[in-house]
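Survey of secondary and tertiary structure
Each chain, letter by letter, is given below.
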Amino acid sequence: MEYSHRYPAYPTQQVVGELERHIDIHRQAYNYTLYEYEHVDADNIGSAYKHHYRLPDWKDEFPVFSEVNSKALQRTVTRFYQNLDGLSKQKQNGRNVGKLKWKSPREFQSMTFSQSGFELKNTSGRRATLWLSKIGDIKIRYHREIPDAADIKEVTVKKETTGEWFVSFGLETDDADLPEKPAVDSLDASNSVGIDLGILSYIHTSDGQTVDWIDLEDERERLQREQRKLSRKEEGSNNYEKQRREVAEVNRHIRRKVLDYQHKITTWLVRKYDAVFVEDLGVKGMLEQSHNARNKQDAAWRQFITLLDYKANLYGCHVVQVKPAGTTKECAKCGVKTAKPIWVREHSCPSCGFETDRDANAAMNVLKRGFSELGLGWPEDTPVETALPTDTDDVREVSAKRVVETGSLGVVRKTKSSAMTRRSASRTTCPRGDSHGPHE
Ligand SMILES: [Zn+2]
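Rules behind the numbers
Residues numbered from 1 in each chain as written. Predicted model: local features only at pLDDT ≥ 70, side-chain atom pairs only at ≥ 80, totals over all residues. Axes fitted to C-alpha atoms, helices over the stretch in contact; angles between N-to-C directions. Helix = DSSP H or I, 4+ residues; strand = E, 2+ residues; numbered from the N terminus. Parallel < 35°, antiparallel > 145°, perpendicular 65-115°, else oblique. Left-handed = near helix turned anticlockwise from the far one by under 90°. Contact = placed C-beta atoms within 7 Å. Nonpolar A, V, L, I, M, F, W, Y, C, P; charged D, E, K, R; others polar. Pairing = 2+ DSSP bridges. Core = buried A, V, L, I, M, F, W, Y, C linked by C-beta atoms within 7 Å. Buried ≥ 20, exposed ≤ 12 C-beta atoms within 10 Å, placed from the backbone. Domains from an automatic or database assignment. pLDDT = per-residue confidence, 0-100. Expected span 1.5 Å × (residues − 1).

So, the packing of helix α1 (residues 13–39) against helix α4 (residues 70–92)
Interhelical geometry of α1 versus α4 gives an angle of 45° and a closest axis separation of 9 Å. If you check the angle between α1 and α4, you find them oblique. Crossing geometry of α1 relative to α4 is assigned as right-handed. Packed against α1, whose contacting residues are H26, A29, Y30, T33 and L34, the element α4 presents L73, T76, V77, R79 and F80 at the interface. Class assignment for the residues of the contact of α1 with α4 results in six nonpolar, three polar and one charged.

Next comes the structure, spelled out in structure tokens:
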């Protein structure tokens, strides 16, 4: 499987100068690819693979292209064709898209080294060094180990709009080296969990735990403040540019905090359980570019499910998406459907008398559907009967601090005893900046 790890990077002033110079040469290469694609009639144009054969000619004509790593240069040509591909896919989906444009320096802030021209070294503790050909050494904060079984396919160096640098490693792990998933017939209510993606609490599990949504109130307030300041600056002025960076910084901070939090919860889930069932949100609305709260929440859940899905393979856990319709209405015990307005927080079945929290009932239904999806019957030992009394006092709160992971990806070891996970997790301090994902 393919995934990526991202790390903050701290190049020296001298290396920053080199990185910026190289990225700008790549930008020119990108723009030149676009130029040739549109204006030059030659055999070697039309696909990334063919276009690579033009690079020797480029270097003869413009010696500046010889100053950067040649594999990385090829990768930039490929990047153009990938963008082209993305554009035509959007077109097929009926979106009104223009054509690819020349990139200004602000729009082009990264380069990718592919296959060679880089080396990750001195990985000890939370520090490591990335060597790049024709550039030099860059210190990185190595907060998460790259698994031994993983191959580093490529490295992308990126300067964020805030001015901070990041490197992200494109990794590939042979499927044979991944931990095996537990046998399906070993799954039962004690090692599996259904998740309700809540409105009030972040997630609600079928075994009666809730994880609250992180508090972003301070960040949102700061964002509004900085945006107000920006609106008072004259567009294009130095002060405007400075303020624009402030706004970008707050936005990035929020995104990182959310991602960091989702990483912790998803890792906690796949380590603790053998199977995690979650509602399928479908693909509809994914392309809708609306900024209302509902869509933002949807986007957050999709990111959450994407993370869960990719960790399922890394940690050897079943993750199954189930049909979401009616999980709230249906009684988890007897299956009778009862309409339930949003403000009714309890489930109280008029047919069988089963009472529990509204979201707990939904999570149990998700668990039930997960079992049936895997071809398993509903086990006798259900959480409905045993683990979860109707008394909601028992619904424990799991704070973000308590669900932090205790190890790194490098040590793929699952702690199946929930008590152990909680005990060790509660002693662990929060690993900062855990901001990487499968799609960066
Ligand atoms: Zn019932």
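Quick look at the pairing of strand β6 (residues 150–159)
In regular strands, side chains alternate between the two faces of the sheet. Note: strand β2 (residues 110–114) against β6, five bridges, orientation antiparallel. Across the sheet, M111 pairs through a bridge with V157, a residue of β6. The pairing of β6 with strand β7 (residues 165–173) spans nine bridges and is antiparallel. Looking at the pairing, E154 lines up with G170 of β7. What sits between the antiparallel neighbours β6 and β7 is a turn of five residues, in which G163 has the positive phi angle 95°.

A few points about the sheet that holds strand β4 (residues 127–132)
Taken in spatial order, the seven strands of this open sheet run β2-β6-β7-β1-β5-β4-β3, and their pairing is antiparallel. The strands lining the two open edges of the sheet, one partner per strand, are β2 and β3 (118–124). Pairs of neighbouring strands in the sheet enclose a mean axial angle of 30°, with direction left out of account. Here six bridges tie β4 to strand β5 (residues 136–141), and the two strands are oriented antiparallel to one another. Bridging across to β5, L132 finds its partner in G136.

Comments concerning the environment of Q227
Looking at where Q227 falls in the secondary structure, it is placed in helix α5 (residues 217–232). Separated by 20 residues in the primary sequence, Q227 and V247 have C-alpha atoms spaced 6.3 Å apart.

Quick word on the nonpolar core
Among the nonpolar cores identified, the biggest contains 72 residues, and V167, I195, V276 and L308 are the most heavily contacted of them. For this core, the leading source of residues is helix α7 (residues 293–315), giving eight residues. For this core, the domains that each give at least three residues are domain 1 (1–178) and domain 2 (182–427). Other than its neighbours up to four places away in sequence, L308 contacts T266, L269, V270, V276, V278 and V319.

Considering the confidence of the model for the protein chain
Chain-level statistics for the protein chain give a pLDDT mean of 81 and a share of 82% at 70 or above. Predicted confidence in the protein chain is weakest over helix α9 (residues 418–427), with a mean pLDDT of 32, and strongest over α1, with 97. Low confidence marks residues 284–290, where pLDDT is under 50. Its contacts with residues over four positions away, or in another chain, come to six contacts. Long-range and interchain partners of residues 383–440, a stretch whose pLDDT sits below 50, account for 109 contacts in this model, where long-range means more than four residues apart.

Section: α5
When the terminal C-alpha atoms of α5 are compared, their 23 Å separation across 16 residues agrees well with the 22 Å that a helix rising 1.5 Å per residue should span. Among the 16 residues in α5, zero count as buried, and that is only a small part of the element.

Describing unusual backbone geometry
Not every positive phi belongs to a glycine, and Q115 is a case in point at roughly 70°. Among the secondary structure elements, Q115 is positioned in the loop between β2 and β3.

Side note on α4
Across its 23 residues, α4 extends 34 Å between first and last C-alpha, which sits within 8% of the 33 Å expected from 1.5 Å per residue. Every buried residue belonging to α4 is among A72, L73, R75, T76, V77, R79 and F80, and all of these are buried. Those residues of α4 that are buried lie in contact with α1, α2 (48–51), α3 (55–61) and β2. G94 sits one or two residues past α4 and shows a positive phi near 80°.

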